Every structure is written in C-alpha cells, then in structure tokens.
Amino acid sequence: MTNAEYSPGLEGVIAAPSTVSYLDLEKEEIVVRGYDLIELAQKRSYLETAYLVIHGHLPDERETMAFGERLKEESALPKGAYSVLEALPRQTNAMDALRTGISLLASYESPEVLQDNSTAANLIKGLRIMAKGPVLACNAYHAMKGQPFVPADPKLGFIENVLWMVHGKQPDQESTEALDLIFTCYIEHEMPNSTFAARVIASTLSDIYGAITGAVASLKGPLHGGANEAAAMMLLDILKQGGPSKAEEYIMDMRSRHERVMGFGHRVYMRRYDPRAYLLKDYIPKFTHKKPEGEELYAIYRTVEEVMFRETKLYPNADYPIGFLLYLLDIPIPLFTPLFLCARIPGLVAHVVEQHADNRLFRPRVLYQGPRGLHPA
Ligand SMILES: CC(C)(COP(=O)(O)OP(=O)(O)OC[C@H]1O[C@@H](n2cnc3c(N)ncnc32)[C@H](O)[C@@H]1OP(=O)(O)O)[C@@H](O)C(=O)NCCC(=O)NCCS
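Counting restarts for each chain: residues are numbered from 1 in the order of the written sequence. Side-chain atom pairs in this predicted model are given and counted only at pLDDT of 80 or more, local residue features only at pLDDT of at least 70, and totals for whole chains, interfaces and linings cover all residues.

> Lay out the sheet that holds strand β3 (residues 35–36) in plain terms, naming residues and giving numbers.
Adjacent strands of a sheet pair through backbone hydrogen bonds, lying either parallel or antiparallel. Strands are labelled as partners when DSSP assigns at least two bridges between them. Only DSSP runs of H or I with at least four residues qualify as helices, and only runs of E with at least two residues qualify as strands; both kinds are numbered from the N terminus onward. The antiparallel open sheet is built from three strands, whose spatial order is β1-β2-β3. Two strands bound the open sheet, and with one partner strand each, they are β1 (21–24) and β3. One ladder, built from two bridges, connects strand β2 (residues 29–32) with β3; its direction is antiparallel. For Val31, the partnering residue across the bridge sits in β3 and is Asp36.

This is the structure:
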C-alpha cells in the first residue's frame, strides 16, 4: 500500500455498492431508490418514503395502510425498557439513553431471531426498531426530566405520535406536516458516518440491533447529527448576547477563535447548497409566529448565513434549518438529535439489509507511522 492510497477521513472513497441512495452533485439531486428526495418530501409522506427506502418501491394505498398498522402494533415498549429508562441517572444525555434503549431491545428477541441476518428477519426487526425508536427517544427525555411517561397512542399516525409523545397533547395539523417534512428530509443520505458505522458493524455478521446501536453513537457527534442541537443553541445564544445586531460580531469572533459554526459545511456538498437545506429554508417564515422570539431568531438565522457565505463560502447543511424549525415547533433541544436518528432508521435498516445480503467484512489497513525494530529487554 502506498501513501497515495491513503485518503484522510476516507474522503472520496467508495465504501460499498448500493441501490439505496446516491448524492448526485452534478444534478444537485439526492437520489433515493431512483427518486429525488426533495420531490418525495414535497409530494409523499414520511411513511410512504420510509416504505420506499426499506422495500425499494413506493407503496400503494393498501401497502401504506398496512405499513402504518404494523408500526402501530410494534410501537409498545417492553415494560423492562421503561424500568431501564427510569434507572438511568437523570444527567444522561437523551441520545445516550436512546442508544441504551435500542441496544436493550435486542434482549427481547429470541437468540434465533436476533442472529438471523436474512432479509426477511432483518425487515421484521428493522420495523420494530423504527416503531419503537421515537417511543424510546421521547420517553428517555421524560425520564431524564422526571416527567411521567407518554406511550404511543394507537389512534394516532406515526408523525402525530411523535408530537403527542413530546408534548402530551394532540398535535395541530401544521406542526404534523412540518415534522413529516423534516423526517422525510432526514430519512436517508447515502454514506454518512453513522450509516458507514452501521455497515461496518453489520459486515462482521453482527445483528441489526448492534449495527443501529453503533449508528446512534456515531450520529450523536456534533460533526454529524449533533449539529442540529448546536445550531439552535447558537441562534439562542446570539439572541441572549444582544439579538440580530450582534450576529455578525458573534460569528466573526467564532472565526477568530477558529471555531466551527455548526450547521454549515458538508463533506460531500463542500461549497454547494445542501438541497434539503435549500428546500427547508423557505418553510421557516411560516413557523416563526409559533414563538414570541421567532422573528428575531429568523433575522439572526439570515445574518449568520450571509456572514458565513461572505467569509467562508460555506452553505448551510440540513441541520441548520432543521435545528431552527424543531425549536419553532417547540421540541425540546435535547430531543433534536435523537429525533434525527429516529427519522434515519429506515435508511439504516435498508443499509444493514443490503450489507447482510451481499457481505464482505470491512477491514482496512493503516498508514503505519510508528517505530520499528524495537526489542524488549
Ligand atoms: C461537516 C464537516 C465535518 C465536513 O468537514 P470536512 O469535509 O472534513 O472538511 P474539513 O473539516 O476538512 O474542513 C475544510 C475547511 O473548511 C472549514 N470548515 C468546514 N466546516 C466549517 C464550519 N462549519 N465552520 C467553520 N469552518 C468550517 C474548516 O475549518 C477547514 O478549513 P481549513 O482548511 O482552513 O482548516 C464540517 O463542515 C463541519 O465541521 N461542519 C460543522 C458541523 C456540521 O454542521 N455537521 C453536520 C454535517 S451534515
């Protein structure tokens, strides 16, 4: 192996063949099973897109209904899961609690089913993880706050249920539609670190629960899914420091300290606009009325984007508008990244299924830079 073959951060390296999705930079398209994700987000529901991602074709009405019903049937958590959430120290990060929760679910599968990596078994287990993910995430948050649990309501749809479990009240249609759009934008995105992590784990023929548990840990990081929380916190901090008139100075200060502005930049898009961020930015003005400070935060949002472009030529990625939109929808900030993970479960399931169906162990090499020829005394 020569130095020329080493790509820091595996930039530009093709890790696996895939039929799930592809970022087509030339056409500025996020191709998902042959469709443009942005068009799907505008025309199809999250549930329909989840079915497409997992099964490879858009569902008809009957398939969508059956899929929704199966998710409802699988949404109840085992009692033990609530006990584990209750037993966690209150300081636990909601994303860590979700990671523990998904890992725990594996214990409720029989050893035969758990170790069965066939597509049929993975689809059954994947649906369970998708159904239970938001229940775990929302109730992990409630447990950490010492609040009563809010189980899923079988009368509500998948996205309505997320809002129900967050707020404990019937969601309005406007918020449900916005969250549906956000979940669809997050559903699948080719080979980000978390998907790669899941595929690396699956490639040892470890099970789908382990692979997705690993993906949760990956997605937590601020360079990945954690950016949506960090971006919202930054907007709120600028508001506290003086509001829109302080935004430029705030970003220039960050730049002088060589700090990264979360929600900007992307390994694949580099200096292009993330199509998801481009779509979502137009939805923000429709939701600023939901918070008294919404308009002021929106002014900060726009100034930060302008200054970042002027100074760095970097565009926002999806986490920048989504962090702000989730805040406007009154979702507690510690739930932003866990909900991103929940929205991504169909994508992760599709990748694990694909990896197991045509597996080769991931086992790269290093560019060794340590000493040689040493001998113990
Ligand atoms: C996503 C990210 C990790 C991709 O990084 P990458 O492809 O590895 O690119 P690098 O980290 O090598 O950055 C390249 C250059 O752009 C700068 N840069 C990248 N993103 C930046 C950001 N958000 N704020 C400030 N500078 C940034 C880096 O400092 C670096 O500058 P330098 O060459 O002068 O040192 C990076 O853009 C980032 O940290 N963004 C913020 C976190 C975020 O929003 N993550 C969600 C991604 S969907």
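Back to the write-up after that little detour.
> Describe the domain arrangement of the chain, and please don't skip the residues or the numbers.
Domain parsing of the chain yields domain 1 (29–220 + 333–357) and domain 2 (227–328). The domain limits used here are those given by an automatic or database domain assignment. Its C-alpha centre places domain 1 at a distance of 26 Å from the equivalent point of domain 2. We call two residues in contact whenever the C-beta atoms placed from their backbones are within 7 Å. On the domain 2 side, the residues contacting the 11 residues of domain 1 number 16 residues. Listing elements by their share of the side of domain 1 that touches domain 2, those giving two or more residues are α1 (37–43), α9 (173–186) and α18 (336–357). Sort the elements by how many residues they give to the side of domain 1 that touches domain 2 and α9 lands first, with four residues. The classification used treats Ala, Val, Leu, Ile, Met, Phe, Trp, Tyr, Cys and Pro as nonpolar, Asp, Glu, Lys and Arg as charged, and all other residues, Gly among them, as polar. Of the residues that constitute the side of domain 1 that touches domain 2, the class distribution is 10 nonpolar, one polar and no charged.

> Talk me through the site of the ligand; I want residue IDs and the actual numbers.
As a matter of local geometry, the ligand sits amid 16 residues, with Ala227, Arg260, Phe264, Gly265 and Arg267 nearest to it. Its residues assigned to classes, the shell around the ligand comprises six nonpolar, seven polar and three charged. Only the C-beta atom, placed from the backbone, is used; a residue is near a molecule or strand if that atom lies within 6 Å of it.

> An account of the environment of Phe183 is needed here, citing residue identities and associated values.
Within the secondary structure, Phe183 sits in helix α9. Take Phe183: there are 26 C-beta atoms within 10 Å of it, and that puts it in the buried class. The sequence separation of Phe183 and His167 amounts to 16 residues, and the corresponding C-alpha distance is 17 Å. In this view, Phe183 contacts Tyr46, Ile159 and Ala343; residues no more than four positions away in its chain are not counted. Here a residue counts as buried when 20 or more other C-beta atoms fall within 10 Å of its C-beta, as exposed when 12 or fewer do, and as partly exposed in between; the C-beta atoms come from the backbone.

> Any chance you could break down the nonpolar core for me, citing the residues and the numbers?
Counting residues in hydrophobic clusters, the biggest one holds 110 residues, and the most contacted among them are Leu98, Ala137, Ile182 and Ile212. If you tally residues by element for this core, the top one is α18, at 12 residues. Mapped onto the domain boundaries, this core takes at least three residues apiece from domain 1 (29–220 + 333–357) and domain 2 (227–328). Ile182 has contacts with Ile322, Leu325 and Leu326, leaving out every residue within four places of it along the chain. We call a set of buried Ala, Val, Leu, Ile, Met, Phe, Trp, Tyr and Cys residues a nonpolar core when their C-beta atoms link them within 7 Å.

> Just give me the short version of the environment of Ala217, but keep the residues and values in it.
Along the polypeptide, Ala217 turns up in helix α11 (residues 208–220). Among the residues examined, Ala217 registers 14 C-beta atoms within 10 Å and is labelled partly exposed. Linking Ala217 and Thr100, residues 117 residues apart in sequence, is a C-alpha distance of 9.9 Å.

> Which residues make up the pairing of β2, and what values do they have?
The two faces of β2 differ: Ile30 and Val32 on one face are buried, but Glu29 and Val31 on the other face are not. Here β1 hands over to β2 after four residues, with Glu28 in that stretch at a positive phi of 50 degrees.

> Describe in detail unusual backbone geometry, supporting the description with residues and values.
The general pattern is negative phi for most residues beyond glycine and trans for most peptide bonds. Not every positive phi belongs to a glycine, and Glu190 is a case in point at roughly 65 degrees. Checked against the element boundaries, Glu190 lands in the loop between α9 and α10 (193–202). For Met270, which is not glycine, the phi torsion reads 45 degrees and is therefore positive. Turning to its location among the elements, Met270 is positioned in the loop between α13 (247–256) and α14 (275–281). The class for Met270 is exposed, based on 12 C-beta atoms found within 10 Å.

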